[in-house]
Amino acid sequence: MGQKGGKDAFVSQGFDTWNKKDAFRTHVGGVDSFHNKAREKCEFLMREKQAINVVLRRQTEAEDHKYKARLRVSIIVVRLLLKTGLPFRGHDESVNSENIGLYIEVLKAIRETKVLLSIREEIGQDVFALLVDESSDVSKKEQMAIVLRYVDSLGFVKERFIGLVHVNDTSSLTLKNAINEVLTSNKLSFSQIRGQGYDGASNMRGEFNGLKTLILQEIDTAFYVHCFAHQLQLVVVAVAKKHDGVSDFFEQISLVVNVVCASCKRKDLLREQARERVQKGLCSGELETRRGLNQETTLVRVGETRWGSHFNTLTSLMQLFADVLVVLDFVKEEGGSLANRTLSKQLQRKDLDILEAASMVRGTMEALQSFRNIGFASILPKVSSFCQTHEIDTLDMEELYIGARNRRTTKTNRFHFEVEIFNTVVDMQLTEYRDRFSETSTQLLEYMGALSPCDSFAQFDKSKLLKLGKLYKYDFDDSDMIDLEGQLEIFYHSCIKDEFFTSLKGISDLSRLMVSTGKHRSYPLVYKLLKLALILPVATASVEICFSKMKLLKTDLRNKIGDEFLNDALLCNVETEALAKVENEKVMERFQKMSARRGQI
């Protein structure tokens with residue numbers, strides 16, 4: 001009862017009535033000391049830097065810093081995967097997926113933030129040319145790649161990949177509708193197209209139903225240019241098919257390549273023989289050791305659509321001829337052109353303008369004509385040397401030629417090989433060149449040639465340039481044509497007296513120099529005319545590159561990649577220059593805006 005009474009008294013009367021208060025005052029410094037420490041703690045917590053909201057904010061900032069660090073590292077990883085074309089594994093790539101994954105979301109952020117945005121901003125409302133090609137991927141889905149050719153703000157010609165589209169069929173109408181969707185999604189339109197470039201397939205070039213014609217019906221100043229590089233390859237293919245001797249020759253070459261490369265064992269033997277030959281040559285001093293020399297190579301198959309493949313096949317066979325003979329002996333025991341190549345490489349340059357390309361074609365035809373006159377005499381010693389090196393019997397050029405079934409003819413060996421084969425084949429090539437490159441002498445190119453700054457604007461012709469302006473009726477109205485005439489006159493006289501403009505080699509150089517000197521602002525209509533000439537496509541090499549990249553990205557092991565992810569990954573993998581300009585902070589900002597996040601930065 002006493003205890004109960006004491007407890008009740010403590011509760012009702014407070015601490016002062018407690019009979020143990022004296023002992024408590026002396027415990028651990030006493031009550032006064034306890035009050036002092038409590039007061040100090042309270043004052044400490046009430047200081048501004050130690051306030052609860054400040055402490056919580058500091059913890060939040062630390063978490064944000066860690067979050068940013070993790071996100072930044074993720075972006076770096078994404079950049080690496082995109083640049084190298086490596087797979088993104090472990091994510092559900094379907095459109096309606098609830099767990100699509102951080103990598104894919106950041107990939108979309110990169111694509112939407114800078115890569116496509118930078119291309120759209122560079123083009124704006126300006127004009128461009130359209131480069132299109134289609135091919136099937138590893139999962140047998142038809143894909144169409146779209147590349148735009150335009151002049152940027154610094155006067156440089158650019159060809160940018162803007163999208164890969166899955167199409168149900170390759171009819172020209174389907175392709176046109178797909179192109180329209182891609183352009184519209186990027187805030188571009190058919191009215192901005194001033195040029196078309198395709199590879200020459202029938203569904204592209206058809207006179208009435210082709211894509212070319214459908215786009216021309218939409219915008220009649222979208223002038224078409226057949227890919228120069230493909231035309232060059234078709235020249236070689238046509239001659240290889242039409243001339244019996246050349247056709248038989250390449251059939252034999254293909255047979256040799258097929259036999260030698262028919263099995264892994266034979267390929268290994270070819271590589272081993274080549275390695276031993278190079279090693280002996282280096283030890284004896286017959287071969288030099290220098291960067292780029294004596295690299296491991298293999299035989300190249302002839303392909304009708306692969307640029308320069310005929311030349312590469314012959315070159316590889318000549319380099320490996322001795323090794324090929326060894327492999328053929330093994331099989332037996334087991335029982336079982338330079339100018340064209342150079343031109344082909346040049347025609348695939350992205351910054352090449354159509355006037356320079358046409359000039360190259362004309363120069364090549366002139367060189368080929370000269371080669372026809374003196375070429376046989378120049379290559380005969382090289383052939384004899386090659387035969388001597390490989391212990392091949394040679395013919396006496398002055399003896400009578402022995403034809404089929406060992407029948408002796410009345411013509412000499414020299415007449416047969418020089419006149420009936422060499423001269424005939426070169427003449428056929430010249431004929432094919434003239435037929436296929438007849439576009440290089442069209443009225444459009446003739447007018448554009450008057451823009452050339454070569455030899456201090458020697459080809460400048462104001463009347464032709466005014467006619468060129470009239471062809472682009474959507475870009476030059478009647479008032480513009482009057483102003484253009486005045487600008488052309490002043491522009492010409494100002495440039496021929498300017499030492500910076502006296503040594504230019506093409507309209508690409510002229511464009512860049514006009515921007516750097518500010519003349520593009522002084523003569524805006526002349527510069528517009530120049531851009532229209534620059535954007536006309538020369539070759540479809542940029543589109544072919546997209547398909548090469550696609551085959552690296554979408555392989556047999558990754559054949560279920562979704563169309564959207566494939567397009568995004570391919571865009572970043574092809575346009576590495578634009579990808580490199582993407583700022584991590586912009587990506588993180590875009591990533592935050594895509595959806596609600598647990599942590600906001």
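The structure reproduced in this document is the subject of the present report. (Residues numbered from 1 in each chain as written. Predicted model: local features only at pLDDT ≥ 70, side-chain atom pairs only at ≥ 80, totals over all residues. Heavy atoms only, no water.)

## A few points about the packing of helix α6 (residues 172–185) against helix α8 (residues 211–218)
Then, in step 1: Put simply, α6 and α8 touch, their axes get as near as 9 Å, and they point 50° apart. On the basis of the axis angle, α6 is oblique to α8. The two elements α6 and α8 meet at a crossing, and its hand is right-handed. Here Ser 172, Leu 173, Leu 175, Lys 176 and Ile 179 of α6 lie close against α8, whose contacting residues are Leu 211, Leu 214 and Glu 218.
Then, in step 2: Tallied by class, the residues present in the contact of α6 with α8 amount to five nonpolar, one polar and two charged. (Axes fitted to C-alpha atoms, helices over the stretch in contact; angles between N-to-C directions. Helix = DSSP H or I, 4+ residues; strand = E, 2+ residues; numbered from the N terminus. Parallel < 35°, antiparallel > 145°, perpendicular 65-115°, else oblique. Left-handed = near helix turned anticlockwise from the far one by under 90°. Contact = heavy atoms within 4.5 Å. Nonpolar A, V, L, I, M, F, W, Y, C, P; charged D, E, K, R; others polar.)

## What about the environment of Val 246?
Then, in step 1: As for its placement among the helices and strands, Val 246 is situated in helix α10 (residues 244–260).
Then, in step 2: Discounting chain neighbours no more than four positions away, the residues touching Val 246 are Val 239, Ala 240 and Val 425.

## A closer look at the pairing of strand β2 (residues 142–151)
Then, in step 1: With nine of ten residues buried, β2 is to be regarded as a mostly interior element.
Then, in step 2: Here strand β1 (residues 128–136) folds back onto β2 in antiparallel fashion, the turn holding five residues, of which Lys 140 has a positive phi close to 65°.
Then, in step 3: Summarising the sheet, β2 and strand β3 (residues 157–166) pair through nine bridges and their orientation is antiparallel. Its bridge partner lying in β3, Met 144 is registered against Val 165.
Then, in step 4: Once β2 ends, the chain turns through five residues before running back antiparallel as β3, passing Gly 155 with a positive phi of about 90°. (Buried < 20%, exposed > 50% of the residue type's maximum accessible area, 1.4 Å probe, protein only. Pairing = 2+ DSSP bridges.)

## Some words on the packing of aromatic side chains
Then, in step 1: Scanning the entire structure with this criterion turns up ten aromatic pairs.
Then, in step 2: Consider the rings of Phe 371 and Phe 422, whose centres lie 5.3 Å apart with planes at 65°: the pair is edge-to-face. Here Phe 371 is found in helix α15 (residues 354–389), whereas its partner Phe 422 is found in helix α16 (residues 413–436), with 51 residues between them in sequence.
Then, in step 3: For Phe 422, a relative accessible area of 12% puts it in the buried group.
Then, in step 4: Taken together, the ring pairs connect Phe 371, Phe 376 and Phe 422 into an aromatic cluster. (Phe/Tyr/Trp six-rings, centres within 6.5 Å; stacked < 30°, edge-to-face > 60°.)

## Considerations on the nonpolar core
A general feature of soluble globular proteins is that nonpolar side chains tend to end up buried together.
Then, in step 1: Ranked by internal contacts, the top residues of the largest apolar core, which has 60 residues, are Ile 354, Met 448, Leu 468, Tyr 472 and Leu 484.
Then, in step 2: In this structure Met 448 touches Ile 354, Leu 355, Leu 468, Tyr 472, Leu 532, Ala 533 and Leu 536, once residues within four positions along its chain are discounted.
Then, in step 3: Counting 56 residues, the second largest nonpolar core, distinct from the first, contains Ile 75, Val 115, Ile 193 and Phe 591. (Core = buried A, V, L, I, M, F, W, Y, C linked by side-chain atoms within 4.5 Å.)

## Quick notes on the pattern of salt bridges
Then, in step 1: Inspection of every chain in the model, using the stated rule, returns 21 salt bridges.
Then, in step 2: A salt bridge links Asp 427 to Arg 372, with the nearest nitrogen and oxygen atoms 2.8 Å apart. Of the two residues, Asp 427 is situated in helix α16 and Arg 372 in helix α15; the sequence distance between them amounts to 55 residues.
Then, in step 3: Residue classification places Asp 427 among the partly exposed positions, given a relative accessible area of 30%.
Then, in step 4: Across the pair Lys 462 and Glu 485 runs a salt bridge, and its minimum N-O distance is 4.0 Å. With Lys 462 in helix α19 (residues 462–471) and Glu 485 in helix α20 (residues 478–496), this pair connects stretches of sequence that are 23 residues apart.
Then, in step 5: Judged by relative accessible area, which is 24%, Lys 462 ranks as partly exposed.
Then, in step 6: Via salt bridges that share partners, Glu 122, Asp 152 and Lys 158 belong to a single interconnected network. (Salt bridge = Lys/Arg side-chain N within 4 Å of Asp/Glu carboxyl O.)

## Considering the sheet that holds β3
Then, in step 1: Read across the open sheet, the five strands follow the order β3-β2-β1-β4-β5; overall the sheet is mixed. The strands lining the two open edges of the sheet, one partner per strand, are β3 and β5 (223–226). Direction aside, neighbouring strands of the sheet carry axes that sit 25° apart on average.
Then, in step 2: The pairing of strand β4 (residues 193–198) with β5 spans four bridges and is classified as parallel. Looking across to β5, one finds that Gly 197 is bridged to Val 225.
Then, in step 3: Lying on the sheet, helix α24 (residues 541–553) is in contact with β1, β2 and β3; it crosses β1 at an angle near 35°.

## As for α6
Then, in step 1: Helix length check: α6, at 14 residues, gives a terminal C-alpha distance of 20 Å against a target of 20 Å (1.5 Å per residue), a fit within 8%.
Then, in step 2: All of the buried residues in α6 are Ser 172, Leu 175, Lys 176, Ala 178, Ile 179, Val 182 and Leu 183. Considered in projection along α6, the buried side chains sweep an arc of 165° and stay on one side of the axis. Pointing more than 90 degrees away from the buried face of α6 are the exposed residues Leu 173, Glu 181 and Ser 185.
Then, in step 3: At the exit of α6 stands Lys 187, carrying a positive phi of roughly 60°. (Expected span 1.5 Å × (residues − 1). Arc of directions from axis to C-beta.)

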